[in-house]
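Residues per chain, in single letters:
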Amino acid sequence: MQTKDNICILAIESSCDDTSAAICINGKVLANVSNSQKIHAEYGGVVPELASRAHISNIVPVVDAALKRAGVGMSEVDAIAFTRGPGLLGSLLVGVSFAKGIAQSLGIPIIDVHHMKAHVMAHFIDDDHPSFPFLCLTVSGGHTQIIKVVDYNEMEVLGKSLDDAAGEAFDKTAKMLGLSYPGGPLIDKYAAEGNPKAFKFSKPNVKGLDYSFSGLKTSVLYYLRDQTEKNPNFIEENLHDICASIQYTIIEILLKTLKKAAEETGIKEIAIAGGVSANKGLRKALNEMGEKNNWKVYVPAFEYCTDNAGMVAISAYYKYLKGEFAPLDIPAVARWSM
Ligand code: KG4
Ligand code: ZN
């Protein structure tokens, strides 16, 4: 156990298309600054090479802004944390190299953080956090997992998507509707004014606690193809109802298996995390399910749902307390199991 009065951590997140830096002192996140790269919208998805270049341009101003916002000087920082993976290798390399460079120049340790664990750890930024053990449905653009959290940074994956992630299901169906990337927030917005039962899309039949979203994607694709053959304006005329129906189906799939996990484990502390946990329909449905099943439900603040360095900082804080530092030659990793 490390002892020090004021543990100040500078954390960097650069695993995908958000360049983010955060400052955390004694487990309190004082600044969380992000630059969400806009360049990818015109390509309909993240272009890895453009993402790494944008991280290179963004990282210094973002770190500077985080230090200023927290009122902290670089010399006060005790450790540099970074997302080691999983993610886009070129993007990760920018954050990892930057962290190593600063740490070496200041003579302070580095702390490597697992991106998906960090999404879960975002819950500890708030004082009202779940108690161990709890279940966390982690839903992002690349992952969908039901995780049993037994301690800080100690987690067991109980179930995961066998194909597309929930965020991908949002983004890919949004693309079919002609919406720009990332489509999840747009589906969320249009769904608010639509009828969730207007159209019926297929739900998977997966054993255990795993997920599948590829069938839903195909069923939306074929349905839109058939309808637009009959009426070329079908999408424009029904956009709100289509979005509400897609969102409703994704939420039903997510919560059905989460409920099963809660029943099988007997755990009633239930959390959600990751970009898709910003979805208003999911947050509402989870709260309703929680009330019915006597769960205590935890939903992160919007700022800490999508990729952010605050979650990396809080993960690192608990690793710092245990003295879990990384060697300077630690590599970034695109794939990394939990
Ligand atoms: O966690 P995240 O920021 O990045 C990854 O680690 O992948 O998640 C990004 C995903 C995207 O698929 C995006 O469309 C989705 O989160 N997302 C949403 C919403 N906000 C972000 N999906 C549905 N509703 C939202 N409000
Ligand atoms: Zn993420």
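I will try to describe carefully the structure that is included in this document.

**Overview of the site of ligand 1**
Near ligand 1 lie 19 residues; those nearest to it are Gly 141, Asp 171, Asp 188, Gly 275 and Asp 307. Contacts to ligand 1 include Gly 141, whose backbone N or O atom sits 2.8 Å from an oxygen atom. A distance of 3.0 Å separates a nitrogen atom of ligand 1 from a polar side-chain atom of Asn 279. Contact with the protein chains removes 89% of the 550 Å² of surface that ligand 1 exposes when unbound. Every element with two or more residues in the shell around ligand 1 is listed here: α3 (115–121), α4 (166–176) and α5 (184–191). Considering only residue class, the shell around ligand 1 consists of five nonpolar, eleven polar and three charged.

**Here we look at the coordination of the zinc ion (ligand 2)**
Donor atoms from the polypeptide that bind the zinc ion (ligand 2) are His 115 (NE2), His 119 (NE2) and Asp 307 (OD), placed at 2.0 to 2.1 Å. For the zinc ion (ligand 2), all donor residues lie on one chain, and their spacing in sequence is H-x3-H-x187-D. Residue His 115 and its partner His 119 are both found in helix α3; the two are separated by four residues, about one turn of the helix.

**Side note on the pattern of salt bridges**
Applying the stated rule across the entire model yields 14 salt bridges. A salt bridge links Lys 172 to Glu 168; the nearest nitrogen and oxygen atoms lie 3.3 Å apart. Remark: Glu 168 and Lys 172 occur in helix α4; sequence separation between them is four residues, near one turn of the helix. The residue Lys 280 makes a salt bridge to Asp 188 at a minimum N-O spacing of 3.7 Å. Of this pair, Lys 280 sits in helix α8 (residues 280–293) while Asp 188 sits in helix α5, placing them 92 residues apart in sequence. The exposure class of Lys 280 is exposed, given its relative accessible area of 51%. On the accessibility criterion, Asp 188 (7% relative accessible area) is buried. Linked by salt bridges that have partners in common, Asp 164, Glu 168, Lys 172 and Lys 217 make up one network.

**Looking at the layout of surface pockets**
Estimated volume of the second largest pocket: approximately 540 Å³. Around the second largest pocket sit 22 residues that line it, and Tyr 248, Ile 251, Gly 281, Ala 285 and Glu 288 are the ones nearest its centre. Put simply, the parts of the chain that give the lining of the second largest pocket at least two residues each are α5, α7 (234–265) and α8. Here the lining of the second largest pocket is built from residues that sort into nine nonpolar, four polar and nine charged.

Cut-offs used in this document
- Residues numbered from 1 in each chain as written.
- Chains lettered and ligands numbered in written order.
- Predicted model: local features only at pLDDT ≥ 70, side-chain atom pairs only at ≥ 80, totals over all residues.
- Heavy atoms only, no water.
- Near = heavy atom within 4 Å.
- Polar contact = N/O pair within 3.5 Å; in protein donor to acceptor, adjacent residues only side chain to side chain.
- Areas by Shrake-Rupley, 256 points an atom, 1.4 Å probe, with all protein chains shown as cover.
- Helix = DSSP H or I, 4+ residues; strand = E, 2+ residues; numbered from the N terminus.
- Nonpolar A, V, L, I, M, F, W, Y, C, P; charged D, E, K, R; others polar.
- Donors = N, O, S within 2.8 Å, 3.2 Å for Na, K, Ca; no water.
- Salt bridge = Lys/Arg side-chain N within 4 Å of Asp/Glu carboxyl O.
- Buried < 20%, exposed > 50% of the residue type's maximum accessible area, 1.4 Å probe, protein only.
- 1 Å grid on protein atoms, 1.4 Å probe; cavity = no way out; pocket = protein on both sides within 12 Å on 5 of 7 lines; lining within 4 Å.
- Points joined across faces, edges and corners; volume = space filled by probe spheres on them.

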